[in-house]
Amino acid sequence: MWQGHHPHLSGIPSLLVPCNTALVASALTDERVRRDVDVLAHAGLDVATFLAEVHDSLRRAVPSCAGCVATIDPASLLMTGTFKFGDLADRHEHDREWGLVEYGQPEPSSFSELAVAGIPAAGVHQMTGGELQRSPRLHEFVHPNLGYTDELRLLARSDGRVWGGLALFRDHPARPFSAEDVRFASSLSSLFASGLRTGLLSRLAAAPAPTYLSGPAVIIVDSEDRVSQVSAGAQARLDELRSDRDAPTPTAVLGSLIGAARRYAAGQTNVLAHSRVRLGSGQWVVLHASPLSGPAGSTGNVVITIEEARPPEIVPLVVAAFGLTRRERDVVQLVLQGLETRQIAVTLHLSGYTVQDHLKSVFDKANVCSRRELVTRVFFDQYVPRFGGELGPSGWFISD
């Protein structure tokens, strides 16, 4: 239930607020929280630690009874993992349904729709004018199953890319999130993105060495959204995809893929579901979801594949995570092609000194000291150790 104080709720009658809560508007509290998030965003924390710390700090300025964060592939806007806090921390029974609703029945406050609209934060009560039936997600799913009466959503957005989304919940109908809450959350959008990008790039000291896939793992989902068949090794890959170690499977991620595939089958989108995920081992994989058809047409089944990611799929994501400028990205692209400073200068119509300045900035942002280290960091040691290995008929390395 409610914890802490709310600096924005000075107009709410005192009988709705616990006696130990001070109804004092406090810009100082907001600034302290913003400063805390700034420090956390640049502390080099892994994603799980960063999000837990941010959620605890944010509740001092915007109290909530629960929170959920979805990490997002900035290219496809599909969810790649979930982290839950507060009352939701140990609840997993509705994860898959949430993914299906979020991506199969998008509405203006869905993460993907907010991203397309360029809106950094939104309160569902505010967006609907208090008519919560206008939000099927909240009215038909969240409230009946979880008991929450309002939701505030914040995108982790930087340089036009969305790296994740935070949903905060309240369970008192007389205390929806205010316009001030939404404005304050909006001010954290780029800091939130910086922390997620840093977490994506962080190394997990205790992580096991990557075990390369011997081939795609395949999951078949039936028309009732149940996993009906899995290929050899598929369950192990599903286990690695779990953000929450207590969850039986990464059901929210599966639900998002299934929901997106169903929208494709219904002709509501022309883009097949596709996202890139980094496993706890540091290895990158690509997830695809597509509706299946038979001789009589659509079967209602969906096939999901998980396969090892290759450099063309990962390099743009990793380079974007460094937070480089457009010109710095151009320089990195040419470095990865093996061009020397003089060649880069000629190609980009820059002086050699300017190229060196860009490289210095890139090295600082990527936390490396040389071009060789940069190349290794971009490839996350997933591919470099395999260079020189035996190639298969596809032109890709043969798995051990």
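**Focus: the sheet that holds strand S8 (residues 273-278)**
Argument step 1. Read from one edge of the open sheet, 5 strands run S7-S6-S10-S9-S8, paired in antiparallel fashion. Lying at the two open borders of the sheet, with one neighbouring strand each, are strand S7 (227-230) and S8. The sheet shows a mean angle of 25 degrees between the axes of neighbouring strands, taken without regard to direction.
Argument step 2. The pairing of strand S6 (residues 217-221) with strand S10 (residues 297-308) spans 5 bridges and is antiparallel. Of the residues in S10, the one forming a bridge with Ile219 is Ile304.

**Some thoughts on the side chain of Ser275**
Argument step 1. When you line up the elements, Ser275 lands in strand S8.
Argument step 2. By relative accessible area, Ser275 is classed as buried at 0%.
Argument step 3. With near-sequence residues (within four places) excluded, Ser275 lies in contact with Asp73, Ser76, Leu78, Met79, Thr80, Leu257, Val285, Val286 and Leu287.

**With respect to the nonpolar core**
Argument step 1. Counting 61 residues, the largest nonpolar core has Leu51, Phe192 and Leu374 as its most contacted members.
Argument step 2. When residues of this core are assigned to their parent elements, the largest contribution, 7 residues, is made by helix H11 (residues 311-321).
Argument step 3. Those residues in contact with Leu51, other than ones at most four positions away along the chain, are Val69, Phe83, Phe85, Phe192 and Leu196.
Argument step 4. Within the second largest apolar cluster, 50 residues are counted, among which are Val124, Ala167, Val253 and Ile306.

**Focus on the pattern of salt bridges**
Argument step 1. The tally for this structure, following the rule as stated, stands at 17 salt bridges.
Argument step 2. A salt bridge links Arg137 to Glu107; its shortest N-O distance comes to 3.7 Å. Taken together, the residues span a long stretch of sequence, with Arg137 in helix H6 (residues 136-146) and Glu107 in the loop between helix H3 (95-104) and helix H4 (111-117) at a distance of 30 residues. Pair check on accessibility: Arg137 and Glu107 agree, each one buried.
Argument step 3. Salt-bridge contacts for Asp225 lead to Arg262; the nearest nitrogen and oxygen are separated by 2.8 Å. Pair noted here: Asp225 is in the loop between S6 and S7 and Arg262 is in helix H10 (residues 251-265), with a separation of 37 residues, a long-range link.
Argument step 4. Classification of Arg262 as partly exposed rests on a relative accessible area of 25%.
Argument step 5. Several salt bridges converge on common partners, so that one network encompasses Glu102, Glu107, Arg137, Glu151 and Arg153.

**Comments concerning the sheet that holds strand S3 (residues 121-123)**
Two modes of strand pairing occur in sheets, parallel and antiparallel, and in both the strands are linked by backbone hydrogen bonds.
Argument step 1. Judged by pairing direction, the sheet is antiparallel, and its 5 strands sit side by side in the order S2-S1-S5-S4-S3 without closing on themselves. Edge positions in the sheet fall to strand S2 (79-86) and S3, since each of these pairs with one other strand and no more. Strand-to-strand twist of the sheet, defined as the mean angle between neighbouring strand axes without regard to direction, takes the value 15 degrees.
Argument step 2. In this sheet, S2 lies alongside strand S1 (residues 66-72) in antiparallel orientation, the contact comprising 7 bridges. The residue of S2 that forms the bridge with Ile72 is Met79.
Argument step 3. The sheet contacts of H3 involve S1, S2 and strand S4 (150-158), and relative to S2 the element is tilted by about 120 degrees.

**Focus on the pairing of S6**
Argument step 1. S6 sits mainly inside the fold: 4 of its 5 residues count as buried.
Argument step 2. In the sheet, S6 pairs with S7 via 3 bridges, with the strands oriented antiparallel. Residue pairing across strands places Val221 opposite Val227, the latter belonging to S7.
Argument step 3. With antiparallel pairing between neighbouring strands as the criterion, S6 and S7 make up a hairpin whose turn holds 5 residues, including Asp225 at a positive phi of roughly 65 degrees.

**Some remarks on unusual backbone geometry**
Argument step 1. For Asp159, which is not glycine, the phi dihedral falls at a positive 55 degrees.
Argument step 2. Among the secondary structure elements, Asp159 is positioned in the loop between S4 and strand S5 (161-170).
Argument step 3. Since its relative accessible area comes to 58%, Asp159 is described here as exposed.
Argument step 4. One non-glycine residue, His349, adopts positive backbone phi at about 60 degrees.

**Topic: the packing of helix H12 (residues 326-336) against helix H15 (residues 371-378)**
Argument step 1. At a minimum axis distance of 10 Å, the contact between H12 and H15 shows a crossing angle of 95 degrees. Looking at the two axes, H12 sits roughly perpendicular to H15. Here H12 contributes Val332, Val335 and Leu336 to the contact with H15, which in turn contributes Arg371, Leu374, Val375 and Val378.
Argument step 2. Partitioned by chemical class, the residues of the contact of H12 with H15 number 6 nonpolar, no polar and 1 charged.

**Thoughts on the pairing of S10**
Each regular strand displays side chains that alternate between the two surfaces of the sheet.
Argument step 1. The pairing of strand S9 (residues 284-294) with S10 spans 9 bridges and is classified as antiparallel. Each bridged residue has a counterpart across the sheet, and for Gly294 the counterpart in S10 is Gly297.

**Looking at helix H8 (residues 189-201)**
Argument step 1. In this model H8 runs 19 Å from its N-terminal to its C-terminal C-alpha over 13 residues, within 8% of the 18 Å that 1.5 Å per residue would give.
Argument step 2. Across the 13 residues of H8, 11 count as buried, placing the element largely inside the fold.
Argument step 3. Every buried residue of H8 is listed here: Ser189, Leu191, Phe192, Ala193, Ser194, Gly195, Leu196, Arg197, Gly199, Leu200 and Leu201.

**A few points about helix H2 (residues 47-58)**
One turn of an α-helix holds 3.6 residues; hence residues three or four places apart share an orientation.
Argument step 1. Under the 1.5 Å per step criterion, the end-to-end length of H2 is 16 Å for 12 residues, consistent within 8% with the ideal 16 Å.
Argument step 2. For H2, the set of buried residues is Val47, Phe50, Leu51, Val54, His55, Ser57 and Leu58. Take H2 and look down its axis: the buried residues cluster within an arc of 165 degrees, on one side only.
Argument step 3. Summarising the contacts, the buried residues of H2 are in contact with helix H1 (27-41), S1, S2, S5, helix H7 (179-186) and H8.
Argument step 4. In this structure Asp46 caps H2, since a side-chain oxygen of it lies 3.2 Å from the backbone nitrogen of Ala48.

What counts, and where the lines are drawn
Residues numbered from 1 in each chain as written. Predicted model: local features only at pLDDT ≥ 70, side-chain atom pairs only at ≥ 80, totals over all residues. Heavy atoms only, no water. Pairing = 2+ DSSP bridges. Helix = DSSP H or I, 4+ residues; strand = E, 2+ residues; numbered from the N terminus. Axes fitted to C-alpha atoms, helices over the stretch in contact; angles between N-to-C directions. Buried < 20%, exposed > 50% of the residue type's maximum accessible area, 1.4 Å probe, protein only. Contact = heavy atoms within 4.5 Å. Core = buried A, V, L, I, M, F, W, Y, C linked by side-chain atoms within 4.5 Å. Salt bridge = Lys/Arg side-chain N within 4 Å of Asp/Glu carboxyl O. Parallel < 35°, antiparallel > 145°, perpendicular 65-115°, else oblique. Nonpolar A, V, L, I, M, F, W, Y, C, P; charged D, E, K, R; others polar. Expected span 1.5 Å × (residues − 1). Arc of directions from axis to C-beta. Polar contact = N/O pair within 3.5 Å; in protein donor to acceptor, adjacent residues only side chain to side chain.

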